[in-house]
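Architecture and fold: a report
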Amino acid sequence: MKRMIMTLAFVALYVFTTSAQKTIPQVTTFARTTKANRTEIILPQVKGYTCYKGDFHVHTTYSDGKVNPAGRVMEAWLDGLDIVAITDHYEHHSGVKNVIKAITMKDSTVINYRMAKVSHNKIHEEAVAQLEKEGFPMLLVKGGEITRKAETIGHFNMLFLQDIDAAFDADPAEAFRKAKAQGGIVIHNHPAYRRKTCDKTEFHQQVYAEGLVDGVEVVNGTGFYPPIVRRCIDEGLTMFANTDEHYLTERRYGAVDRFRTMTLVLANELTEASIKEAILDRRTIAFAGGALIGEQMWLSEFLNAAVDCRLVKTAEDGRTFRLTNNSSVAMTLRLGHRIYLLEPFKSLLIDLGKNKESGEYLPPIFEVENMWHIDYQHPKIELALDK
Ligand SMILES: [Zn+2]
Ligand SMILES: [Zn+2]
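Before going into details, it helps to say that this report is about the structure given with it. In this text, all values refer to a predicted model and were calculated from it rather than measured experimentally. (Residues numbered from 1 in each chain as written. Chains lettered and ligands numbered in written order. Predicted model: local features only at pLDDT ≥ 70, side-chain atom pairs only at ≥ 80, totals over all residues. Heavy atoms only, no water.)

Observations concerning the sheet that holds strand 14 (residues 331-335)
To keep things clear, this is the line we draw: At least two bridges found by DSSP between two strands is the condition for calling them paired. Under the scheme used here, helices are H or I runs from DSSP no shorter than 4 residues and strands are E runs no shorter than 2 residues, and both carry numbers assigned from the N terminus. Between N-to-C directions, angles cover 0 to 180 degrees, with each direction set by a line fitted to C-alpha atoms, over the stretch in contact for helices. It only takes one pair of heavy atoms within 4.5 Å for two residues to be counted as in contact.
The sheet built from 4 strands is open, its strands ordered 15-14-17-19 with antiparallel pairing. Both outer strands of the open sheet, strand 15 (338-342) and strand 19 (380-382), are each paired with one neighbouring strand and no more. Neighbour to neighbour, the strand axes of the sheet diverge by 40° on average, direction disregarded. As paired strands, strand 14 and strand 15 are joined by 5 bridges and run antiparallel to one another. Its bridge partner lying in strand 15, Arg-334 is registered against Ile-339. On top of the sheet, helix 9 (residues 296-306) reaches strand 14, strand 17 (365-368) and strand 19; it is set at about 45° to strand 19, its chief contact.

Section: the sheet that holds strand 13 (residues 319-325)
Here we have 3 strands laid out as an open sheet, ordered 12-13-16, and antiparallel in their pairing. With partners counted over all chains shown, the strands left at the sheet margins are strand 12 (307-314) and strand 16 (347-352), one partner each. Averaged over all neighbouring strand pairs, the angle between strand axes comes to 25°, with direction disregarded. Pairing of strand 13 with strand 16 involves 6 bridges; the strand directions are antiparallel.

Side note on the environment of Phe-287
When you line up the elements, Phe-287 lands in strand 10 (residues 284-288). Linking Phe-287 and Phe-259, residues 28 residues apart in sequence, is a C-alpha distance of 9.0 Å. With residues up to four places along the chain from it excluded, the contact list for Phe-287 reads Ala-241, Asp-257, Phe-259, Arg-260, Thr-261, Met-262, Leu-264, Leu-292 and Val-329.

Thoughts on the coordination of the zinc ion (ligand 2)
To keep it simple, the criterion reads: Each metal site lists N, O and S donors within 2.8 Å (3.2 Å for Na, K and Ca). With water left out of the atoms, a site can look as if it is missing ligands. For a four-donor site, all angles between 85 and 135 degrees give tetrahedral; for four or six donors, opposite pairs above 155 degrees with the remaining angles between 65 and 115 give square planar or octahedral; all remaining cases count as irregular. The rule is simple: take the accessible area with a 1.4 Å probe, protein chains only, and divide by the maximum for that residue type; under 20% is buried, over 50% is exposed, in between is partly exposed.
Here the zinc ion (ligand 2) is held by His-57 (NE2), His-59 (NE2), Glu-145 (OE) and Asp-244 (OD), and the distances to it run 2.0 to 2.3 Å. Around the zinc ion (ligand 2) sit 4 donor atoms; with metal-centred angles ranging over 79 to 168°, the donor geometry is irregular. Taken in chain order, the donor set of the zinc ion (ligand 2) reads H-x1-H-x85-E-x98-D. Accessibility expressed as a relative area gives 0% for Glu-145, which makes it buried. Given a relative accessible area of 11%, Asp-244 falls into the buried group.

Considering the coordination of the zinc ion (ligand 1)
Donor atoms from the polypeptide that bind the zinc ion (ligand 1) are Glu-145 (OE), His-155 (ND1) and His-190 (NE2), placed at 2.1 to 2.2 Å. Linear spacing of the donor residues for the zinc ion (ligand 1) on their chain is E-x9-H-x34-H.

Describing the nonpolar core
Here is the rule we go by: Nonpolar cores were defined as sets of buried Ala, Val, Leu, Ile, Met, Phe, Trp, Tyr and Cys residues, with membership established by side-chain atoms within 4.5 Å. The split into domains, and so the bounds of each, comes from an automatic or database assignment of domains.
Residues Leu-264, Leu-292, Phe-302, Leu-303, Leu-323, Met-331 and Leu-333 are the most contacted members of the largest nonpolar core, which totals 47 residues. No other element matches the 5 residues that helix 9 contributes to this core. Each of two domains, domain 1 (50-294) and domain 2 (306-382), supplies a minimum of three residues to this core. Excluding residues that lie within four positions of it along the chain, Leu-323 makes contacts with Val-307, Asp-308, Cys-309, Leu-333, Leu-342, Lys-346, Ser-347, Leu-348, Ile-350, Phe-366 and Leu-383. Counting residues in each nonpolar core, the second largest holds 34 residues, with Phe-168, Ala-192, Leu-212 and Val-229 among its members.

So this is what it looks like as structure tokens:
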């Protein structure tokens, strides 16, 4: 009997305590998961390559940005990126104490630039720590921005470095040589910044001629430099589109397009070696403001991979095609005076007649208004049938 009372007492205590927990919650969690709610940007496989989404130019609180390295990593993941490079200014560190200001003489390009007392390797390590904590399958590229007088030298990102600090030099050309000796690459940032022209300065001519520059930003933030497309094609350089973000990406891109500015890298896998190989082989497409900018061949391959084109009806006077956009990129297709907006994951039925002179059926060739290639032109692309 005593044992039975004890048992009942335990049961009563158990029921009381659990029901108390159930009926008087102190905290309610709305979400089932606290993991990030990432924007997924669906892009096609292009000629067997995956389109990896990268931003090779962002700043943190260690230079003149308003977001810390951990914040940049989380933001990049939420924005749908696969690759991000934190590229703080070597010479400007307004966000931290003990700044050593870069010294310039009035008449010269650069005299005595010194790196501020911040270890860029440590900035990178902070970002890596956040990446590992979150478990994001993303690639972080080691980089830094050489930041000199805009009118003469300008700004260059050194990427894929082993030791970011060791690549610095007061002489910018020497810094590029050091970066390349580490297996790094060098890209010319926002080439018209504070100059209103993309034309090369004397310094640019020297470093390009020496083969120290691997790529150029055709887009920086929301600014597009059409003449750079020709430069990249003529000189065998890689096209980039980077945000150069100092604040929050949402602040700027929320009003411009669905997505932030990014470089699409057509590579085999998400490893440093594979991404670097793709960049050096110029397999990139700049993606900004809903526009795709690059070499005609890659734009054509991209459109054909993204859009499925099927013949659904053949009549005496013409044919009807069904175009399905299997990507997150809206396509604006022009045919004569008609403009078709092919939204992501939607299809259109398009009637095409016959050529009045030859009497032959018109092929599905469109001028793609959201694509840009050489000399301010939109490419004309033929959609392959029934792929
Ligand atoms: Zn810059
Ligand atoms: Zn920058």
